[in-house]
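A closer look at the structure
Single-letter residue listing:
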Amino acid sequence: MITSAQMRAARALLDIDQKELASRAGLSVPTIQRMESSEGVVRGVVDSLAKVVGALEAAGVELIAAGAASPAGGRGVRLRGGG
């Protein structure tokens with residue numbers, strides 16, 4: 001669904017810290033910290049993962065899944081235009 005590297009990259013694009021992401025997602029800071037310290041794909045409660053993805057997408061981040069169209073291939077994150 002989302003990797004820890006994507007989460008960190010998305011926060012960097014938005015220029016927000018873990019506390020701000022936690023607030024936007026309605027989660028605790030330790031939950032965000034645990035997610036971001038995961039190796040590879042973030043493991044956790046599906047509802048919590050959906051909240052993080054929803055918060056990032058609402059802020060204008062587009063998460064790119066493996067195999068999705070992107071010039072370099074692989075996983076990534078990009079900020080949608082207009083926001």
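Residues numbered from 1 in each chain as written. Predicted model: local features only at pLDDT ≥ 70, side-chain atom pairs only at ≥ 80, totals over all residues. Heavy atoms only, no water.

Time to look at helix 3 (residues 29–36). Residue pairs three or four apart in sequence face the same way in an α-helix, which turns once every 3.6 residues. Along helix 3, the residues classified as buried are T31, I32, M35 and E36. Considered in projection along helix 3, the buried side chains sweep an arc of 130 degrees and stay on one side of the axis. The elements touched by buried residues of helix 3 are helix 1 (4–14), helix 2 (18–25) and helix 4 (46–58). (Buried < 20%, exposed > 50% of the residue type's maximum accessible area, 1.4 Å probe, protein only. Helix = DSSP H or I, 4+ residues; strand = E, 2+ residues; numbered from the N terminus. Arc of directions from axis to C-beta. Contact = heavy atoms within 4.5 Å.)

Predicted coordinates in regions of low pLDDT should not be interpreted in detail. In the predicted model, the protein carries a mean pLDDT of 87, and the fraction of residues at 70 or more is 86%. No element of the protein has a lower mean pLDDT than strand 2 (residues 76–79), which averages 70, and none a higher one than helix 2, which averages 98. (pLDDT = per-residue confidence, 0-100.)

Counting residues in each nonpolar core, the largest one holds 19 residues, and the members touching the most others are I2, M7, L21, I32, M35, V52 and L56. Looking at this core, the elements with two or more residues in it are helix 1, helix 2, helix 3, helix 4 and strand 1 (61–64). It is helix 4 that contributes the most residues to this core, five residues altogether. Once you skip the residues sitting within four places of it in the chain, V52 turns out to touch M7, L21, A25, L27, I32 and M35. (Core = buried A, V, L, I, M, F, W, Y, C linked by side-chain atoms within 4.5 Å.)

Attention now moves to the environment of P30. Residue position: P30 is located in helix 3. Along the backbone, P30 and Q18 are twelve residues apart, and their C-alpha atoms lie at a distance of 8.9 Å.

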